[in-house]
Amino acid sequence: MKALLLLLVLAADPLVGASDVDPYRVLGVSRRASQAEIKKAYKQLAREWHPDKNKDPKAEDMFIKISKSYEILSNEERRANYDQYGQMEENQRPHQPHQGFHSFHSSFHFDESFFHFSRSGRDFADSKYMLHFAQFNSEVLPDSYQRPYLIKITSEWCFTCIHMEPVWKETVQELEALGVGIGVVDIGYERRLANQLGAHRTPSILGLINGKVTFFHYAVVREHLRQFVESLLPQRQVEKVMDSSYRQFLDRWPEENKPSVLMFDRRAETPLLFKLAAFAYKDYVRFGYVDQGLTETTEVQRRFSVNTLAPTMLLFKENAEKPADVIQARAMKRPIVDEFISNNRFLQVPRLVNQKLFDELCPVKQFHRRRKYCVLLITSEDDAFTSGNSAFRSFAASNTKEVLRFAYVYQHQQKPLCDTLLQDRNTILPQVVILERRSAAGKVVYKEVMGGWNGSEEDQRLLQEELELLQKEPAFLSLEVTLPELNNELAAVSSAACSETALFTSIYQTPSLQTVVTGTVPPLGTLRVKCPAQGHDGSNWDLNLGLLVHRTIGCVLSCSRPPKKNFVEVTELTDITYISNLVRLKPGHINVVLVLSNAAKQALLKKFAKEVFSFSGTQTLHYSFLNVDKHQRWMDSLLELSPEAILAEQPGEEDDDEGGADDYRRDYTGHVLALNGHKKYFCLFKPVFTGEEAESSRSSDEDGGARSRSRSRSRSSSRSRSTTIQIHHKLDRLSLWMERLMEGTLPRHYVPSWPGLDKITPEG
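Keep in mind that this is a model prediction, so the values were computed, not measured.

Each value, and the rule that gives it
- Within each chain, residues carry numbers counting from 1 in the order of the written sequence.
- For this predicted model, a pLDDT threshold of at least 70 governs which residues receive local features, and a threshold of 80 or more governs which side-chain atom pairs are given and counted, while totals over whole chains, interfaces and linings are taken from all residues.
- Side-chain calculation: all heavy atoms of the structure are included, whereas hydrogens and water are not.
- Elements are defined by DSSP. Helices are runs of H or I of four residues or more, strands are runs of E of two residues or more, and each kind is numbered from the N terminus.
- A simple rule labels every residue: compare its accessible area, found with a 1.4 Å probe on the protein chains alone, to the largest value its type can have, and call it buried under 20%, exposed over 50%, or partly exposed in between.
- Between two residues, a contact is recorded if the distance between any of their heavy atoms is within 4.5 Å.
- Accessible areas in this description were obtained via Shrake-Rupley with a 1.4 Å probe; residue shielding takes into account the shown protein chains only.
- Remark: nonpolar core denotes a set of buried residues (Ala, Val, Leu, Ile, Met, Phe, Trp, Tyr, Cys) joined through side-chain atoms within 4.5 Å.
- What the arc covers is the set of directions going from the helix axis to the C-beta atoms.
- The convention is simple: Lys and Arg are positive, Asp and Glu are negative, and His and the chain ends are not counted.
- Any Lys or Arg side-chain nitrogen located within 4 Å of an Asp or Glu carboxyl oxygen qualifies as a salt bridge.
- Pairing between two strands requires that DSSP report at least two bridges joining them.
- Lines fitted to C-alpha atoms define the axes, with helix axes restricted to the stretch in contact, and inter-axis angles between N-to-C directions lie between 0 and 180 degrees.
- With a 1 Å grid spanning the protein atoms alone, the term cavity applies to any set of points in which a 1.4 Å probe fits but cannot get out, the term pocket to an open set with protein on both sides within 12 Å along at least five of seven lines, and the term lining residue to any residue with an atom within 4 Å of a point.
- Grid points are joined across faces, edges and corners, and a volume is the space filled by probe spheres set on the points.
- Note on residue categories: nonpolar means Ala, Val, Leu, Ile, Met, Phe, Trp, Tyr, Cys or Pro, charged means Asp, Glu, Lys or Arg, and polar means any other residue, Gly included.
- Between the rings of Phe, Tyr and Trp (Trp by its six-membered ring), a pair exists once the centres lie within 6.5 Å; its type follows the angle of the planes, with under 30 degrees stacked, over 60 edge-to-face, and the other angles tilted.
- Note on terminology: angles under 35 degrees are roughly parallel, angles over 145 are roughly antiparallel, angles of 65 to 115 are roughly perpendicular, and the others are oblique.
- The hand of a helix crossing depends on one turn: near helix anticlockwise from the far one by less than a right angle means left-handed, and clockwise means right-handed.
- Polar contacts, as used here, are pairs of N or O atoms within 3.5 Å; protein pairs need one atom able to donate a hydrogen and one able to accept it. Residues neighboring in sequence count only if both atoms are side-chain atoms.

### Describing the overall build of the protein chain
When its secondary structure is counted, the protein chain shows 31 helices and 26 strands. For the protein chain, buried positions account for 49% of its 764 residues. A fraction of 71% describes how many contacts in the protein chain between residues 6 or more apart in sequence connect residues 24 or more apart. Accessible area for the protein chain stands at about 37,900 Å²; split by element, carbon and sulfur atoms hold 51% of it.

### Considerations on the nonpolar core
Ranked by size, the top nonpolar core spans 68 residues in total, and within it L150, F287, M313, I341, L352 and L421 carry the most contacts. Per-element tally for this core: the top contributor is helix α14 (residues 272-280), with eight residues. When neighbours within four sequence positions are excluded, F287 is seen to be in contact with Q237, V238, E239, F249, V261, F274, A277, A278, Y281 and I341. V570, F608, F615 and V672 belong to the second largest nonpolar core, which has 29 residues in total.

### Quick word on unusual backbone geometry
Following T202, the chain continues into P203 via a peptide bond in cis, with omega recorded as -5°. Mapping P203 onto the fold places it in the loop between α10 (191-197) and β5 (204-209). Its identity as a non-glycine residue notwithstanding, S305 has a phi of 50°, on the positive side.

### A closer look at helix α5 (residues 76-85)
All of the buried residues along α5 are R78, R79, N81 and Y82. Along α5, the residues classed as buried sweep out an arc of 160° about the axis, all on the same side. The exposed set on the far side of α5, more than 90 degrees from its buried face, consists of E77 and Q84. Where the residues of α5 are buried, they touch α2 (23-27), α3 (35-49) and α4 (59-73).

### Examining the side chain of D459
Checked against the element boundaries, D459 lands in helix α20 (residues 457-472). Within the buried core, D459 has no salt-bridge partner, and the shortest N-O distance to an opposite charge, that of R461, equals 8.6 Å. Among all residues touching D459, those that are not within four sequence positions of it are G452, W453 and N454.

### Some remarks on the sheet that holds strand β14 (residues 431-437)
Hydrogen bonds between backbone atoms are what pair the strands of a sheet, whose relative direction is either parallel or antiparallel. Spatial ordering of the open sheet is given by β13-β12-β14-β15-β16, a layout of five strands whose pairing is mixed. The sheet is open, and its two edges are formed by β13 (404-410) and β16 (479-482), each paired on a single side. This sheet shows a mean twist of 35° between the axes of neighbouring strands, independent of strand direction. Bridge count for strand β12 (residues 373-379) against β13 is seven bridges, and the pairing is parallel. Counted as the bridge partner of C374 is R405 from β13. α20 contacts β12, β13, β14 and β15 (443-448) of the sheet and is inclined by roughly 15° relative to β14.

### Topic: empty space enclosed by the protein
Enumeration according to the criterion identifies four cavities of 30 Å³ or more in this entry. The calculated volume of the largest cavity comes to roughly 160 Å³. The wall of the largest cavity is formed by 18 residues, among which N195, I590, Y681, L741 and R748 lie closest to the centre. Put simply, the parts of the chain that give the lining of the largest cavity at least two residues each are α10, β25 (681-685) and α31 (734-743). Tallying contributions element by element places α31 first for the lining of the largest cavity, with three residues. Of the residues contributing to the lining of the largest cavity, the split by class is seven nonpolar, nine polar and two charged.

### Looking at the packing of aromatic side chains
Summed over all chains, the structure comprises 17 aromatic pairs. Seen in terms of ring centroids, Y24 and Y82 are 6.2 Å apart; in terms of plane orientation they differ by 45°. Their pairing is tilted. Residue Y24 is located in helix α2, and its partner Y82 is located in helix α5; the two are separated by 58 residues in the primary sequence. Judged by centre distance (5.8 Å) and plane angle (70°), the rings of F392 and F406 are edge-to-face. Pair noted here: F392 is in helix α18 (residues 386-397) and F406 is in strand β13, with a separation of 14 residues, a long-range link. Taking the relative accessible area as the measure of exposure, F406 reaches 4% and is therefore buried.

### Some details on the sheet that holds strand β3 (residues 149-154)
With respect to topology, four strands assemble into an open sheet ordered β4-β3-β5-β6, the strand pairing being mixed. The strands lining the two open edges of the sheet, one partner per strand, are β4 (181-186) and β6 (212-215). Averaged over all neighbouring strand pairs, the angle between strand axes comes to 25°, with direction disregarded. Its contacts with the sheet place helix α9 (residues 165-178) against β3, β4 and β5, and it is angled at close to 160° to β3.

### A few points about the packing of helix α24 (residues 601-612) against α31
Relative to each other, α24 and α31 sit at 45°, their axes nearing to 8 Å. Considering the angle they form, α24 stands oblique to α31. Handedness of the α24/α31 crossing: right-handed. Residues F608, E611 and V612 of α24 pack against L734, S735 and M738 of α31.

### Re the packing of α9 against helix α11 (residues 222-232)
Each pair of packed helices can be described by the angle between their axes along with the distance between the axes. Interaxial distance between α9 and α11 falls to 9 Å at its minimum, and their mutual angle equals 35°. α11 is crossed by α9, and the crossing has right-handed handedness. Taken together, the residues of α11 that come into contact with α9 (itself represented by V167, E170, T171, E174, L175 and L178) are R222, L225, R226 and V229. Split by residue class, the contact of α9 with α11 holds five nonpolar, one polar and four charged.

### What to know about the environment of S390
Structurally, S390 is set in helix α18. For S390, a relative accessible area of 35% corresponds to the partly exposed category. Separated by 64 residues in sequence, S390 and N454 place their C-alpha atoms 9.9 Å apart.

### Quick look at the side chain of K258
Here K258 shows up in the loop between α13 (253-256) and β8 (260-265). Although K258 lies buried, it forms no salt bridge, and the closest oppositely charged side chain, E256, sits 5.0 Å away as judged by the N-O distance. Within the local environment of K258, its side chain forms a polar contact with the backbone oxygen of K282, the two atoms lying 2.8 Å apart. Here K258 is in contact with W253, K282, D283, Y284, V285, R286 and L347, once residues within four sequence places are set aside.

### Notes on the environment of R633
When you line up the elements, R633 lands in helix α25 (residues 628-640). Measuring from C-alpha to C-alpha, the distance between R633 and P755 comes to 9.6 Å, with 122 residues separating the pair along the chain.

### Looking at the environment of P23
By the secondary structure assignment, P23 is in helix α2. The buried category is assigned to P23, whose relative accessible area is 0%.

Below, the structure is given as structure tokens:
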């Protein structure tokens with residue numbers, strides 16, 4: 001009956017303004033309702049009208065109004081503002097007239113006559129930027145490592161969003177032309193994506209770069225948004241170059257293995273266009289900026305005869321005396337810059353330092369006309385080889401045919417590759433090999449150039465004859481072999497730094513647990529739990545658990561490679577990791593913490609990995625475990641700060657505790673906490689029963705209802721009868737709970753502050 005009444009009230013005019021909707025009537029509570037009553041009403045209505053569960057055509061509109069009403073009444077300041085002035089929007093000032101012009105952040109105006117629009121008439125300009133959950137994770141998130149994104153969070157019922165449209169359109173038009181990605185998320189349709197971004201309010205604007213989300217908190221004006229995007233970029237991506245430093249900048253190409261770009265302009269600050277280009281091509285090119293207005297840059301301008309009338313870009317390769325390419329334009333456009341850098345992103349003779357560079361420089365043959373031959377010099381960095389290496393670069397500079405690609409490797413850095421190509425282990429370096437790649441699996445055809453290479457005129461003549469013969473007769477490459485993957489030399493520094501923590505290693509193995517423990521401080525642990533891979537028959541393979549203990553968090557991050565989606569990293573929550581993993585957790589990020597005991601550790605961790613594996617690709621979710629044998633007091637303190645969580649945790653438990661509060665110790669094994677450190681709230685997963693009633697039990701956060709006293713007593717009795725085989729059933733419905741966490745429909749228990757984790761619970 002209540003649902004019908006609400007439907008009649010709210011559906012009377014679907015285009016009514018937010019200020020005409022009474023949040024008390026929407027939630028069906030009185031004006032004197034407590035926060036607990038408001039929250040209870042919201043949870044009931046949200047569950048009833050959630051679009052995924054209610055197929056009524058008007059369910060989505062109802063759900064948005066219910067959410068908006070709860071957003072107002074759950075905040076005491078907004079609620080007081082509404083009670084006094086009848087206003088729904090926090091940006092609306094007291095005694096502001098409801099007709100004419102409304103201000104938004106005191107920056108621009110909007111005529112309210114525009115409110116008369118069709119509900120389905122979303123701004124056409126926004127439609128091409130609309131983001132969806134799958135598209136965001138498969139396209140936008142990876143692309144954020146090449147360019148920043150500016151994303152607007154909006155909805156069809158957000159009238160304040162309309163106020164910002166003129167500024168948003170102007171900003172989008174400017175920034176998109178510079179190479180900034182643009183996105184729009186409709187929170188009404190893409191609530192799962194909004195939750196992943198940590199956006200729960202409209203309007204919101206956020207930036208995305210390198211997979212990290214940053215919220216915009218300033219007045220919505222064009223210059224502020226531009227500065228916000230600029231602040232997202234790494235500060236030292238572009239080096240300031242003066243007369244005293246340009247030689248050192250250009251001469252670092254051998255160590256960096258990259259071309260260098262110098263941009264000349266009369267602006268004091270590096271143009272945003274150039275910063276964005278530097279971020280996009282950071283893996284290929286080094287960037288420097290010369291301010292032509294400074295007297296300290298006159299020498300470098302005169303040295304390269306730079307015109308001061310228009311911005312100029314010079315690109316240098318191995319020759320620091322003369323640029324390999326130049327562009328100059330009064331209005332430098334991003335497509336021009338992209339083409340300029342893309343065509344020159346490799347040195348004339350780059351050093352192969354990883355597989356990615358090898359794949360791009362010497363691609364696999366696809367068609368006869370697109371074949372590429374790789375002329376590879378196997379050499380060393382010793383001084384005795386310097387003249388031969390230099391002669392090889394000079395030879396490559398005189399052979400600029402597109403079909404030929406020149407490169408070199410250091411034999412001691414890429415030993416597996418060199419041993420495969422040089423069948424005769426007694427071959428004297430340097431040695432030139434001509435090869436053509438035939439498959440991505442490493443298959444190549446090749447030929448060694450006889451006589452080695454020392455850079456003499458005779459060596460150059462013989463190599464030239466070989467190359468001419470190759471283009472006439474492709475079958476000239478008679479040897480065939482499968483190359484191993486190249487070593488990643490760029491990862492050597494971070495790996496060496498981390499290897500110090502593994503000087504003393506002991507390995508032991510049990511039937512279900514294989515552990516590698518380094519001889520360093522053990523409190524900071526990271527678990528890599530391999531997730532079950534399914535065979536062709538659908539059966540699950542056994543799980544293996546590896547424990548890596550590192551000295552510092554920085555080492556954990558730098559040593560870890562991008563996940564290959566066959567394991568879940570779980571960090572132990574201790575007094576050392578507590579601050580970084582919870583208290584200072586980034587806005588929008590959530591730490592999912594499994595509570596376990598020493599006895600149940602193996603079984604619960606394996607089950608935990610299986611349940612959360614499908615969510616492990618989400619950038620904003622982190623996984624930890626808390627040992628309740630050590631930190632029982634912390635769990636007690638946390639639940640005491642949120643009385644609602646205690647009531648939901650053990651309904652009727654007070655009556656069962658006949659031994660007194662001092663003798664009672666609550667069992668938290670199998671609980672899971674979703675901790676939002678920034679907003680100071682947590683969601684709680686209560687484990688499924690084990691023992692007699694394991695099959696009929698349910699998680700209370702999943703069904704939202706309180707359990708009866710008899711079932712609570714049954715759980716207490718079943719604890720003592722739980723076995724290692726049964727204990728993992730406590731997490732049977734965790735994946736469903738995780739889905740609701742991503743949807744944002746789980747109850748949230750707020751705390752004034754996080755309790756400390758510095759005390760260890762004594763045993764006994």
